[in-house]
Structures are given as C-alpha cells and as structure tokens.
Amino acid sequence: MSKPTPHTVRDIMSRDCYRVSPEMSITTLAQGLALHRLPGAPVVDRHDNLIGFISEQDVLGRVLDSVYHDDEAPLVKELMRNEVLSVTPAKSITDLAQEMLGAKPKIYPVVEQRRLVGIVTRRDILVALLTIRRH
C-alpha cells in the first residue's frame, strides 16, 4: 500500500524534532547539532513556544574563539536570532518550495499558535516534490 501524496507541511514535517533552550551552552548545542546532523535548531521556552533559532554558522566562530582562548562558551540566548522564519502545518509544500528557492533557511520551524510542533527541511521538501511528481 502506497503512502498518500503529500500536500501540506503537516504531511512531511518531523514532529519529534531537536530543540534547544536559551540557557544551553553553545558547546552542548554544537554537540547536539552534530549528533542529529542538523544545520540548526529552534530555540524554545519552557512552554515550547518558539523564541528563536540558532545555526551552526551562528556558533562556529564563537566555538572557535572559545577553543583558542580556552574560555567558557556563551549560551544559546547570546547568539540566537530572534527573528525566525517559520511556517504553519497547513502551508502548501509547493508554496514553501517556491520560498526556499532564494537564500532562505535550510530548516523551518513549524509553528501552531506560537508553539513548536515540528520542523521541515529543504530535503523534506525535495523528497515531497519528487513524490508529488511521481503521482
């Protein structure tokens, strides 16, 4: 039995996604990103409300500085971006694909009423488009 053709972000998003706290050290964040093979992660408060986003690129220089100077790595809240591009679960896959054509993020947090409910990546969109094309 084949899967139904995906149409919306809800059909393809990862619900059990890696998320981080603003109080986490960027060293711990970097380890988590490496473990989960992600280029970034949503930052949430204790109620799972999306409050920011942090990427490998955001932390690379600071981790390097902390290695050179053998000092304490900063916290996520010091480096995270507060302006976050996010999508709703109801967003059309093809609409999001159009938006991703530019220099946009590789990962979009999926948000319902400010709460993080998942993530969707460029790879998820590409796989979904290939599935749509086959049907």
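Since we're looking at a predicted model, the values are computed, not measured.

Ranked by internal contacts, the top residues of the largest apolar core, which has 20 residues, are Tyr18, Val20, Ile26, Leu29, Ile54 and Val76. For this core, the secondary-structure elements that each account for two or more residues are helix H2 (26–36), strand S1 (40–44), strand S2 (50–55), helix H4 (76–79) and strand S4 (115–121). If we ignore the near neighbours within four places in the chain, the residues touching Ile26 are Ile54, Val59, Arg62, Val63, Ala73, Pro74, Leu75, Val76 and Leu79. Residues Val110, Val120, Ile125 and Ala128 belong to the second largest nonpolar core, which totals 13 residues.

The next thing to look at is the pairing of S2. Within S2, 5 of the 6 residues are buried, which leaves it mostly tucked inside the rest of the structure. What sits between the antiparallel neighbours S1 and S2 is a turn of 5 residues, in which Asp48 has the positive phi angle 70°.

Turning our attention to unusual backbone geometry. You will see that Gln113, though not glycine, has its phi angle at about 50°, which is positive. Along the chain, Gln113 turns up in the loop between strand S3 (107–112) and S4. Residue classification places Gln113 among the exposed residues on the basis of a relative accessible area of 79%. For Arg114, which is not glycine, the phi torsion reads 70° and is therefore positive.

This paragraph deals with the pattern of salt bridges. Overall, the coordinates contain 6 salt bridges when judged by the stated rule. Among the salt bridges present, the one from Arg115 reaches Asp48, with a minimum N-O distance of 3.8 Å. Remark: Asp48 occurs in the loop between S1 and S2 and Arg115 occurs in strand S4; sequence separation between them is 67 residues. A residue is classified by how much of its surface remains accessible, and Arg115, at 42% relative accessible area, is partly exposed. Look at Asp48 and you get buried, because its relative accessible area is 15%. For Asp58, the salt bridge identified is with Arg81, shortest N-O distance 3.0 Å. You can see Asp58 sitting in helix H3 (residues 56–69) and its partner Arg81 sitting in the loop between H4 and helix H5 (93–99), a full 23 residues away along the chain.

A word on a negative patch on the surface. A surface patch of negative charge is lined by Asp65, Asp70, Asp71 and Glu72. In this structure Asp71 comes out as partly exposed when scored by relative accessible area, which is 45%.

Thresholds applied
Residues numbered from 1 in each chain as written. Predicted model: local features only at pLDDT ≥ 70, side-chain atom pairs only at ≥ 80, totals over all residues. Heavy atoms only, no water. Core = buried A, V, L, I, M, F, W, Y, C linked by side-chain atoms within 4.5 Å. Buried < 20%, exposed > 50% of the residue type's maximum accessible area, 1.4 Å probe, protein only. Helix = DSSP H or I, 4+ residues; strand = E, 2+ residues; numbered from the N terminus. Contact = heavy atoms within 4.5 Å. Pairing = 2+ DSSP bridges. Salt bridge = Lys/Arg side-chain N within 4 Å of Asp/Glu carboxyl O. Patch = residues over 30% accessible without salt bridge, like charges linked within 9 Å, V, L, I, M, F, W, Y side chains within 5 Å. Areas by Shrake-Rupley, 256 points an atom, 1.4 Å probe, with all protein chains shown as cover. Lys, Arg positive; Asp, Glu negative; His and termini not counted. Charge placed at Lys NZ, Arg CZ, Asp CG, Glu CD.

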